[in-house]
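Summary of structural features
So you can see what is in the structure, the chains are spelled out below.
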Amino acid sequence: MVRIAVSNKDDSGLPTLTFRAWLLGIIFCAILSFVNQFYWFRQNQLTLGSSVVQILSFPLGYVMAKLLPTRKFNTFGWEWTLNPGPFNIKEHVLITITGSSASYTAYAIDVVVIKRIWYHSDLGFGASYLLVLTSQLIGYSFAGLACRFLIYPAAMIWPATLLTATLFRAFHEKQSFGGKFSRTAVFWMAFCASFVWYFMPGFLFPALSMVPVLCIVMPSSVIAHQLGDGNNGLGILSFTLDWSTFAAYMGSPIAYPWAMTCNMFFGFVVIVWIITPAAYYANTWQTGIYPIYSAGLYLSNGSNYDIAMVMTPSQKLDPALYESYGPLRMTFMLALTYGIGFAAIFSLIVYVALHYGKDIVQRVRQSQSMDDDIHMELMRKYQEVPHWWYVLVFVITFVVAVAACEAFGLMPWYWAILSVVFPFVFTVPIGIIQAISNQQPSLSLITEFIIGYGRAGDPIANVTFKVYGYIVMVQALNLLQDQKLGHYMKIPPRHMFIAQVTGTLIAGTVQLGVAHWLMSRIEGICTPENATWTCRSAAAFYSESVIWGLIGPSRMFGTVSPYRPMLYLFVLGVFLPIPFWYLSKRYPNSLWKHVHIPVILSIAGSMPPVPTHSIVNWFIAAIFLVYIWNKYQKRSWQRYAFVMSAGLDSGLVLSGIFIFFALQNVHPPKWWGTATNFCPNAGVGGYISTVKSSN
């Protein structure tokens, strides 16, 4: 597999950290940081990934190589030039690595947002900046120290990097793929079409974003609204002509293998369309008085839970106030997702052990004894990053993180120290699993559970502990995956270090700046009154902070809690993969080999906040853009699918930003196509409360 995707040759004379690499890398990192943070607050969260940088930077680098002067400069004895020659693959990789630092928003910004919007206590830009940068850079120091175990051994292949490496080679190595249009031409055609079309659902005809057939056909039926609404319901027969709905939250359907897409949608159907309505309409745990699909928090009488009624002035839980106000309640769907989350963690461990256990043991042994492979031999000619660089990054960021947590009341210093122990211990073992199986067990619920019991009643400490205890490890593994790509593409390690640190600093700075700017500028942001800037991810994060932090797992899942059975779903996760593993071994050429239990269960991890109609239409798009296109026009799909997807994403993003800035004071004429809520009864209460109020 590696031989097919990665070249076993290297031209060490190719310039890497050039002016072009610096300029394009910084520009793309800043743009993606702005765009991804901007859309993170919106109803449809669209994310531009590294593939957009990879595709767009190629023609730009080529043009710069043609136009920039070749004159050489001498600065303090260092000779450099704006144009060292033809645009090469190593520059291209470094630009993509720098830009990909902004592919995802910094998780620490969730803490900043909920503290300001929901807890009404602004952390301030300075403290927020320290939280964001330390949580990002500590992960990088762990990634660097883990290279010896996760990057250098040939047994650690990191399958996800192979597709990216193949695409780089496709750009730079002369190969004949056939086809009438170039990849770049297809990108710009998709870009222009997406840019122009989004003016319809994004401005003139917003109803195209969600067409809930059940709500339109039965406008007064509460149950029809609950089943058909895509935002606060189950999304049955809810369709869209808006690419931002197709690609929001789940990402482009083209990026997923068809088998994995089917596994995820099967999990969605079972969890959302079968289990949830069956339990909800049976009034399990008296949840029939709440909406069917919501991350909201409620009292037992169905009214919204006001956390101010149970908190002290220091934003901690007051047990006496909690007892008098009443216990916290949540929807059946939200409780179920926590139970399935427990099952998913154990199912992934069992699945990996069954399918990859022998391979992991064998490759770990090989990594300690086998000789260097050709890629490691080729990389020996480049200077390694000294370990003291990583140690210095860790010491500085760790000390600042502990001091910031204590000084700004995020969590006590000893909990800050304990939180960093988790990524320190688990980065290498979980990295080994991901490097071989492409699966990453999550520590999210585990960290929430530990801090929830250890420091009950402190919501901000809970989410901050999660950032340093879980997200630092995720950041480390993302950086390690990029480092393996750099290893395959023969990028000098010190240049990789510079590119990744630069990208991380730019991304954290821009994203935090955008977040503060939007929270100050947009009226009603992250509230039900603003249907465009709904902050669905932040709302779900807030609910988690209350459930696991303010109230705590001992109350939410204790012996007297109706939700206690959800804790025991881990047993399901342990045993469910076993029969399907047996069937896949017994019938190796059958459908059973495509059944992936952790993927089936993983879909619950994003629900809520993910709108259900987004998943439904994402699967419909996958039928046409992955299954049918790939089956009947395989060569065309291989050549154009990914660039078309990147073009659609990029055109949509630019169109949305243009509408926001250029047309914010322009209001389209009112007509039925500007209506955005055809299912008003879906999110205002449960079917029981609605029935009672009508009698």
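Keep in mind that what you see is a predicted model, and the values were worked out from it rather than measured.

**Describing the pairing of strand β2 (residues 78-81)**
The pairing of strand β1 (residues 72-75) with β2 spans 4 bridges and is antiparallel. Within β2, the residue paired with N74 across the bridge is E79. Counting the residues in the hairpin turn of β1 and β2 gives 2 residues, including F76, whose phi is positive at 55°.

**Looking at the packing of aromatic side chains**
The full count for this structure, using the stated rule, is 62 aromatic pairs. Each ring, one from F265 and one from W273, has its centre 6.0 Å from the other, and the planes form 85°; the classification is edge-to-face. Judged by its relative accessible area of 13%, F265 falls in the buried class. Judged by centre distance (5.0 Å) and plane angle (80°), the rings of Y280 and Y281 are edge-to-face. Accessibility expressed as a relative area gives 1% for Y280, which makes it buried. Given a relative accessible area of 25%, Y281 falls into the partly exposed group. Taken together, the aromatic side chains of F34, F38, Y39, W517, W533, F660 and F661 make up a single cluster linked through ring pairs. Its end group placed over the ring of W533, R42 keeps NZ or CZ at 5.0 Å from the ring centre.

**Describing empty space enclosed by the protein**
Scanning the entire structure with this criterion turns up 3 cavities of 30 Å³ or more. The computed volume of the largest cavity comes to approximately 70 Å³. For the lining of the largest cavity, the secondary structure elements donating two or more residues are α2 (19-40), α4 (89-100) and α22 (493-521). It is α2 that contributes the most residues to the lining of the largest cavity, 4 residues altogether. Looking at side-chain class alone, the lining of the largest cavity contains 7 nonpolar, 3 polar and no charged residues. What the second largest cavity holds in volume is close to 40 Å³. Looking at the second largest cavity, the residues that line it are I55, L56, P59, F171, R183, T184, F187 and W188. When residues in the lining of the second largest cavity are grouped by element, the largest group, 4 residues, is from helix α9 (residues 183-197).

**Here we look at the state of the cysteines**
One way to say it: the disulfide is the covalent bond shared by the sulfur atoms of two cysteines. Counted under the stated rule, the structure contains 2 disulfides. Bridging C215 to C679, the disulfide has an S-S length of 2.0 Å. Linking C215 and C679, the disulfide has an S-S dihedral of approximately 110° and is accordingly described as right-handed. You can see C215 sitting in helix α11 (residues 213-217) and its partner C679 sitting in the loop between α29 (634-662) and α30 (687-694), a full 464 residues away along the chain. C679 carries the same exposure label as C215, and that label is buried. When the cysteines engaged in disulfides are numbered in sequence order, the protein pairs them as 1-4, 2-3. Unpaired in terms of disulfides, C29 finds its nearest cysteine sulfur in C147, a separation of 20 Å.

**Here we look at unusual backbone geometry**
If a residue is not glycine, its phi is most likely negative; likewise, a peptide bond is most likely trans. Of note in this structure, H120 is not a glycine but carries a positive phi near 55°. Inspection of the secondary structure assignment puts H120 in the loop between α5 (108-117) and α6 (125-145). Overall, the relative accessible area of 66% leaves H120 in the exposed class. Positive phi outside glycine occurs at N283, with the angle close to 60°.

**Describing the side chain of D10**
Looking at where D10 falls in the secondary structure, it is placed in the loop between α1 (2-5) and α2. Here Y382 takes part through its side chain, which lies 2.7 Å from a polar atom of the side chain of D10. Dropping the residues within four chain positions of it, D10 is found in contact with K90, L378, K381, Y382 and K490.

**So, the pattern of salt bridges**
Counted according to the given criterion, the structure contains 7 salt bridges. Where K381 meets D10, a salt bridge forms, and the shortest distance between an N and an O atom there is 3.7 Å. Note that K381 is positioned in the loop between α17 (374-379) and α18 (387-407) and D10 in the loop between α1 and α2, a separation of 371 residues in sequence. Where E448 meets K466, a salt bridge forms, and the shortest distance between an N and an O atom there is 3.1 Å. Remark: K466 occurs in helix α21 (residues 459-488) and E448 occurs in helix α20 (residues 444-454); sequence separation between them is 18 residues.

**Here's the deal with the packing of helix α14 (residues 258-280) against helix α28 (residues 612-632)**
Interhelical geometry of α14 versus α28 gives an angle of 150° and a closest axis separation of 11 Å. Here α28 runs roughly antiparallel to α14, going by the angle between their axes. When you trace α14 past α28, the crossing you get is left-handed. Of the residues in α28, those touching α14 at W258, T261, C262, M264, F265, F268, V272 and W273 are T612, I615, V616, W618, F619, A622, I623, V626 and Y627. Across the contact of α14 with α28, the residue classes tally to 15 nonpolar, 2 polar and no charged.

**Some points on the nonpolar core**
Ranked by internal contacts, the top residues of the largest apolar core, which has 195 residues, are F41, V113, I547 and F557. Of the residues forming this core, the biggest block, 15 residues, is contributed by α21. Apart from the residues lying within four places of it in its own chain, the contact partners of V113 are W40, F41, W118, M519, C526 and A538. Judged by nonpolar contacts, the second largest core, of 16 residues, contains V93, L162, F168 and Y488.

**Some words on α14**
The end-to-end C-alpha distance of α14 is 31 Å, a good match for the 33 Å that 23 residues give at a rise of 1.5 Å each. Of all the positions in α14, only T261, N263, M264, F265, G267, F268, I271, V272, T276, P277, A279 and Y280 are classed as buried.

**Quick notes on the packing of α6 against α18**
Where α6 contacts α18, the two axes come as close as 8 Å, and the packing angle between them is 150°. Classified by the angle their axes make, α6 and α18 are roughly antiparallel. For α6 against α18, the interelement crossing comes out left-handed. Counted together, L130, T134, L137, I138, Y140, S141, F142, G144 and L145 of α6 and H387, Y390, V391, V393, F394, T397, F398, V400, A401 and A404 of α18 form the full contact between these two elements. Of the residues contributing to the contact of α6 with α18, the split by class is 14 nonpolar, 5 polar and no charged.

**What to know about the side chain of N462**
When you line up the elements, N462 lands in helix α21. Take N462: its relative accessible area is 1%, and that puts it in the buried class. A distance of 3.5 Å separates a polar side-chain atom of N462 from the backbone oxygen of E448. Within the local environment of N462, its side chain forms a polar contact with the backbone oxygen of W548, the two atoms lying 3.0 Å apart. Filtering out sequence-adjacent residues up to four positions away, N462 remains in contact with E448, I451, G452, W548 and G549.

**Quick look at a nonpolar patch on the surface**
A grouping of F346, I349, Y568, F570, V571, F575 and I578 is seen on the molecular surface, where their side chains present a nonpolar patch of about 630 Å² in accessible area. The set of elements that each furnish at least two residues to the nonpolar patch consists of α16 (332-369) and α25 (570-575). Along the chain, F346 falls in helix α16.

**Things to note about the environment of G508**
Summarising the element assignment, G508 is placed in helix α22. G508 sits 15 residues away from P493 along the chain, and the two C-alpha atoms are 22 Å apart. Setting aside residues no more than four positions away along its own chain, G508 makes contact with V132 and L133.

About the criteria used
Residues numbered from 1 in each chain as written. Predicted model: local features only at pLDDT ≥ 70, side-chain atom pairs only at ≥ 80, totals over all residues. Heavy atoms only, no water. Pairing = 2+ DSSP bridges. Helix = DSSP H or I, 4+ residues; strand = E, 2+ residues; numbered from the N terminus. Phe/Tyr/Trp six-rings, centres within 6.5 Å; stacked < 30°, edge-to-face > 60°. Buried < 20%, exposed > 50% of the residue type's maximum accessible area, 1.4 Å probe, protein only. Lys NZ or Arg CZ within 6 Å of the ring centre and 35° of its normal. 1 Å grid on protein atoms, 1.4 Å probe; cavity = no way out; pocket = protein on both sides within 12 Å on 5 of 7 lines; lining within 4 Å. Points joined across faces, edges and corners; volume = space filled by probe spheres on them. Nonpolar A, V, L, I, M, F, W, Y, C, P; charged D, E, K, R; others polar. Disulfide = S-S within 2.5 Å. Polar contact = N/O pair within 3.5 Å; in protein donor to acceptor, adjacent residues only side chain to side chain. Contact = heavy atoms within 4.5 Å. Salt bridge = Lys/Arg side-chain N within 4 Å of Asp/Glu carboxyl O. Axes fitted to C-alpha atoms, helices over the stretch in contact; angles between N-to-C directions. Parallel < 35°, antiparallel > 145°, perpendicular 65-115°, else oblique. Left-handed = near helix turned anticlockwise from the far one by under 90°. Core = buried A, V, L, I, M, F, W, Y, C linked by side-chain atoms within 4.5 Å. Expected span 1.5 Å × (residues − 1). Patch = residues over 30% accessible without salt bridge, like charges linked within 9 Å, V, L, I, M, F, W, Y side chains within 5 Å. Areas by Shrake-Rupley, 256 points an atom, 1.4 Å probe, with all protein chains shown as cover.

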